[in-house]
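Residue strings, one per chain:
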Amino acid sequence: MEEKIKVLEQMVQLSGLSLQEVVDCWLAQEKVSVTASKQECKTENVEQAVLSINQDFPSEDIRSRTKLHWYAFEGKKFAPNHDAYPNCQGVVGWINPDPNAPEGDRVYIVLPEQKFLMYSKEYCITGADNLYDGRANTKRLLEFGKQHNVEFPAAEFAHNYCKNGVKQGEAFLPAREQLVRVCEHLEELRKSLKKINGKFAGWLWSSSEYSDDSAWYVYANNGIMIYHYKHTYDYYISCFLAY
């Protein structure tokens, strides 16, 4: 971020142009993403504009290109406005503050659609008991289901989610602690989701298994965690992406 701001400020000083004019030039040369145009640059907000510059200054850490409750778009693009790019996929629900966090556990994207589904159609031990990695749990549930001819409606829906550029297998049923983390800033998350006709509410299945007959679910209003029968009750599910 510091490097991006420094380069942009130098361009403004050396050229004698305004911030808007510099960014317009970069847009014309396709060297800056479109969100660094009118809505952000007309306020002369250097930091805001720089957050969108990602072609000339690629970053391995996706956290440098987004903020909590911004919108996520196809191609790992981010912006504070839901209509900044085509194919808005969801809302940034959590950003890992750990500078050493591995890829895949740095940013969680909450997808807008919720479904009311059962965890599984049978009682069984699958090994999908990770409390922090919903992607691994979802994969394990699908593998177990294929091997033993068992249906896991919640995990299957998440795996098959294909909207707004999300490809099959990218979305997953979040683990227990991933849901809890997103609940930390619930009011702001819901405001952002509402703008894209999304919701995050009710009792939500996690992908984290508790026993042969139970799995963890989380109450979205406060992050309370309880385990309940997999095969008896339907609860809401909310699919995630993670980078």
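Quantities reported herein were computed from a predicted structural model and do not represent experimental measurements.

Draft legend 1. Focus on the environment of R140. Within the fold, R140 resides in helix 5 (residues 134–148). Among the residues examined, R140 registers a relative accessible area of 26% and is labelled partly exposed. When the C-alpha positions of R140 and S207 are compared, they lie 9.8 Å apart, and in sequence the two are 67 residues distant. The residues contacting R140, other than those within four sequence positions of it, are T126, G127, A128 and Q147.

Draft legend 2. Inspection of the side chain of N96 at higher detail. Among the secondary structure elements, N96 is positioned in the loop between strand 3 (88–95) and strand 4 (107–118). We classify N96 as buried; its relative accessible area is 9%. One polar contact links the side chain of N96 to the main-chain carbonyl oxygen of D105, over a distance of 2.9 Å. Among all residues touching N96, those that are not within four sequence positions of it are R63, A101, D105 and R106.

Draft legend 3. Main features of the environment of L179. Following the sequence through the fold, L179 ends up in helix 7 (residues 176–182). In the structure, L179 is positioned 40 residues away from Y219 in sequence and 9.1 Å away in space, judged by C-alpha atoms. With residues up to four places along the chain from it excluded, the contact list for L179 reads P174, F200, L204, W205, S206, V218 and F240.

Analysis parameters
Residues numbered from 1 in each chain as written. Predicted model: local features only at pLDDT ≥ 70, side-chain atom pairs only at ≥ 80, totals over all residues. Heavy atoms only, no water. Helix = DSSP H or I, 4+ residues; strand = E, 2+ residues; numbered from the N terminus. Buried < 20%, exposed > 50% of the residue type's maximum accessible area, 1.4 Å probe, protein only. Contact = heavy atoms within 4.5 Å. Polar contact = N/O pair within 3.5 Å; in protein donor to acceptor, adjacent residues only side chain to side chain.

From the geometry alone we can't say anything about function, so treat these as descriptive.
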